[in-house]
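Next come the chains, spelled out residue by residue.
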Amino acid sequence: MDHILNNVIPKFHYLGVPVSYQAYGNGNINLTYIVNVQNAPVKRYILQKINGEVFADITSLMKNVENVTTFLSGKIAASGGNKDRECLSLIPTSDGKMYYVDEYGAFWRSYNFIDRAFCFDKAEKPDHVRESGKAFGRFLRLLDEYPAENLFETIPDFHNVQKRFAAFTAAVDADHKNRAVTASKEISHALRFKDDLNYFTDLRAKSLLPVRVTHNDTKFNNVMIDMDTERAVCVLDLDTVMPGLSAYDYGDSIRSCASSAEEDEADLSKVYLDDRLFDAFTRGYLSECALILSKKEIEVLPTAVILITYELALRFLTDYLNGDEYFRIRKPTHNLDRAANQLKLLSDMEYKTLWMSSAIRRIINQL
Ligand code: ADP
Ligand code: GN1
Ligand code: MG
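Treat the numbers as computed from the prediction; the structure is a model and nothing was measured.

Another point: the overall build of the chain. Within the chain, the regular secondary structure consists of 13 helices and 10 strands. Expected size for 367 residues packed as a compact globule is a radius of gyration near 21 Å; at 20 Å, the chain falls within 12% of this value. With the C-alpha coordinates of the chain rotated into their principal frame, the extents come out at 60 × 50 × 40 Å. Once local pairs closer than 6 in sequence are excluded, the contacts in the chain between residues at least 24 apart make up 73%. Here the chain holds 44 positive side-chain charges and 51 negative ones, and the gap between their average locations is 3 Å.

Structural data, given as structure tokens:
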């Protein structure tokens, strides 16, 4: 018997008759499906099995998602936007809940499907990158009035680089899978990094940077671009929306959408920070949120690019050493390739740090 078709899909309150489903998207964390329905104006929905290994308290996570989507759709509707397209909305179950827990304890949720729009793993055009910048900048601005302290921390210390480093050295020391020998180049590179790993946690502790509602997973394929207008329509993947620093979101976006290559490109000669894509994202982002950012928040953006890229290199490498328990892999050395890729990108970013600072200043002056 098909568990999803017979036990999960019927629990949701869909318009129309669900007839089939298929796996969808390139996310690294959850299992995502399309549910096809008939006899209704809507043709599809998104169905997700939430990763129970990654998220410890999914009930609280879902409360965050419900609160944030309700707040965002109110803002979007109030400014004349289309809330069914510009925002995720949870589809309730037949008994009015926002998720369903199956007999194995797995959590399922369903969203409106953002139709006639696409997401890319790698940018095809600078215009799409600028649009992604606008989408994440707008996201930050729209949530400016939402009280961050009311949100649950779905993954504690998610962007704590010092803790990521400790997890990495523990994985190297344990070397449970005897893989350290195959990653010696990447391990030494990661150990050579000498920047201050507590830079952001210290600024946050001293209240020199404000704690905001941030997305925390601002990769390029978490934004949908409209097929017809080529404008960004909707920000996806709200599992890590929690209290954080604006710098994290900017840094994570740059490492994702301003890279010259895909995140797992194994030919490292193809991997560098693309100046044009950096410029496009930064312009789009700051055009939407510069007004709410403090001088300090703007000043630290290049440091965030470096530290978040380093952090992800550590996370991929740690996961490789631990036996690929966290990120979904599609080939045996996937996490090692991803780590090598991020380390190559990091080297180029380090070389371009001063250039990034002056490009940001120039863009701010032109706004
Ligand atoms: P993960 O946490 O695994 O990355 P996401 O929520 O980002 O999961 O979803 C994975 C992919 O599924 C996205 O990159 C996107 O391609 C697609 N997707 C997710 N939600 C929607 C939606 N509401 N409408 C259309 N596509 C979606
Ligand atoms: C994961 O879920 P997805 O694929 O959008 C990860 C991010 C990483 C990213 C790297 C909750 O993002 O932190 O930057 O992979 N999300 C989580 O591809 O860990
Ligand atoms: Mg995603």
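The next point concerns the packing of aromatic side chains. Following the criterion strictly, the structure yields 20 aromatic pairs and no others. Ring plane angle 85° and centroid distance 5.2 Å describe the contact between Phe71 and Tyr146, whose orientation is recorded as edge-to-face. Taken as a pair, Phe71 in helix α2 (residues 58-78) and Tyr146 in the loop between α4 (126-142) and α5 (161-174) lie far apart in primary sequence, 75 residues in all. Classification of Phe71 as partly exposed rests on a relative accessible area of 23%. Residue classification places Tyr146 among the buried positions, given a relative accessible area of 12%.

With that out of the way, let us pick up the sheet that holds strand β8 (residues 223-226). Strand order across the open sheet formed by 3 strands is β6-β8-β9, with antiparallel pairing between neighbours. On the outer flanks of this sheet lie β6 (117-118) and β9 (232-235), each paired with one strand and no other. Where β8 meets β9, 3 bridges bridge the pair, whose relative direction is antiparallel. Residue pairing for β9: Ile225 is matched across the bridge by Ala232. Contacts from α4 reach β6, β8 and β9 within the one sheet, and its direction differs from that of β9 by about 45°.

A word on the coordination of the magnesium ion (ligand 3). Every protein donor of the magnesium ion (ligand 3) is accounted for by Asn222 (OD1) and Asp237 (OD), and the metal-donor separations fall at 2.2 to 2.3 Å. Taken together, the positions of Asn222 in the loop between β7 (212-214) and β8 and Asp237 in the loop between β9 and β10 (242-244) put the pair 15 residues apart, joining distant regions of the chain. Residue classification places Asp237 among the partly exposed residues on the basis of a relative accessible area of 26%.

This part covers α5. Between the first and last C-alpha of α5 there are 20 Å, a value that for 14 residues agrees with the 20 Å anticipated at 1.5 Å per step. All of the buried residues along α5 are Val161, Arg164, Phe165, Phe168 and Ala171. The buried residues of α5 all sit within an arc of 125° when viewed along its axis, so they share a single face. Taken together, the buried residues of α5 touch α6 (184-192) and α11 (301-322). Measuring from the side-chain oxygen of the N-cap residue of α5 to the backbone nitrogen of Gln162 gives 3.2 Å; that N-cap residue is Asn160. The first or second residue beyond α5 is Asp175, which carries a positive phi of 40°.

Taken together, 19 residues lie near ligand 1, and Asn30, Gln48, Asn112, Ile114 and Asp237 sit nearest. Asn112 places a polar main-chain atom, nitrogen or oxygen, 2.9 Å from a nitrogen atom of ligand 1. Within the side chain of Asp237, an N or O atom sits 3.0 Å from an oxygen atom of ligand 1. Burial of ligand 1 by the surrounding chains reaches 95%, relative to a free accessible area of 550 Å². If you map ligand 1 onto the pockets, it falls in the largest pocket. When its residues are assigned to classes, the shell around ligand 1 shows 9 nonpolar, 9 polar and 1 charged. Each of domain 1 (3-115) and domain 2 (126-366) accounts for three or more of the residues forming the shell around ligand 1.

Moving on, we get to the domain arrangement of the chain. Taken domain by domain, the chain consists of domain 1 (3-115) and domain 2 (126-366). The interface of domain 1 with domain 2 comprises 26 residues on the first partner and 28 residues on the second. Where domain 1 abuts domain 2, roughly 2500 Å² becomes buried across the two surfaces, and 60% of that area is made up of carbon and sulfur atoms. On the domain 1 side of the interface with domain 2, the three residues burying the most area are Asn28, Asn64 and Val68, jointly 24% of the side's total. Among the salt bridges present, the one from Asp239 reaches Arg109, with a minimum N-O distance of 2.8 Å. Applying the counting criterion to the domain 1 and domain 2 interface returns 13 residue pairs in polar contact (both at pLDDT 80 or more). The set of elements that each furnish at least two residues to the side of domain 1 that touches domain 2 consists of α2 and α3 (83-86). Among the elements that make up the side of domain 1 that touches domain 2, the one with the highest residue count is α2 (11 residues). Counted by class, the side of domain 1 that touches domain 2 contains 13 nonpolar, 8 polar and 5 charged residues.

Calculation criteria
- Residues numbered from 1 in each chain as written.
- Chains lettered and ligands numbered in written order.
- Predicted model: local features only at pLDDT ≥ 70, side-chain atom pairs only at ≥ 80, totals over all residues.
- Heavy atoms only, no water.
- Helix = DSSP H or I, 4+ residues; strand = E, 2+ residues; numbered from the N terminus.
- Rg over C-alpha atoms; globule rule 2.2 N^0.38 Å.
- Contact = heavy atoms within 4.5 Å.
- Lys, Arg positive; Asp, Glu negative; His and termini not counted.
- Charge placed at Lys NZ, Arg CZ, Asp CG, Glu CD.
- Phe/Tyr/Trp six-rings, centres within 6.5 Å; stacked < 30°, edge-to-face > 60°.
- Buried < 20%, exposed > 50% of the residue type's maximum accessible area, 1.4 Å probe, protein only.
- Pairing = 2+ DSSP bridges.
- Axes fitted to C-alpha atoms, helices over the stretch in contact; angles between N-to-C directions.
- Donors = N, O, S within 2.8 Å, 3.2 Å for Na, K, Ca; no water.
- Expected span 1.5 Å × (residues − 1).
- Arc of directions from axis to C-beta.
- Polar contact = N/O pair within 3.5 Å; in protein donor to acceptor, adjacent residues only side chain to side chain.
- Near = heavy atom within 4 Å.
- Areas by Shrake-Rupley, 256 points an atom, 1.4 Å probe, with all protein chains shown as cover.
- 1 Å grid on protein atoms, 1.4 Å probe; cavity = no way out; pocket = protein on both sides within 12 Å on 5 of 7 lines; lining within 4 Å.
- Sits in = over half its atoms within 2 Å of the grid points.
- Nonpolar A, V, L, I, M, F, W, Y, C, P; charged D, E, K, R; others polar.
- Domains from an automatic or database assignment.
- Buried area = accessible area lost by both parts, 1.4 Å probe.
- Salt bridge = Lys/Arg side-chain N within 4 Å of Asp/Glu carboxyl O.

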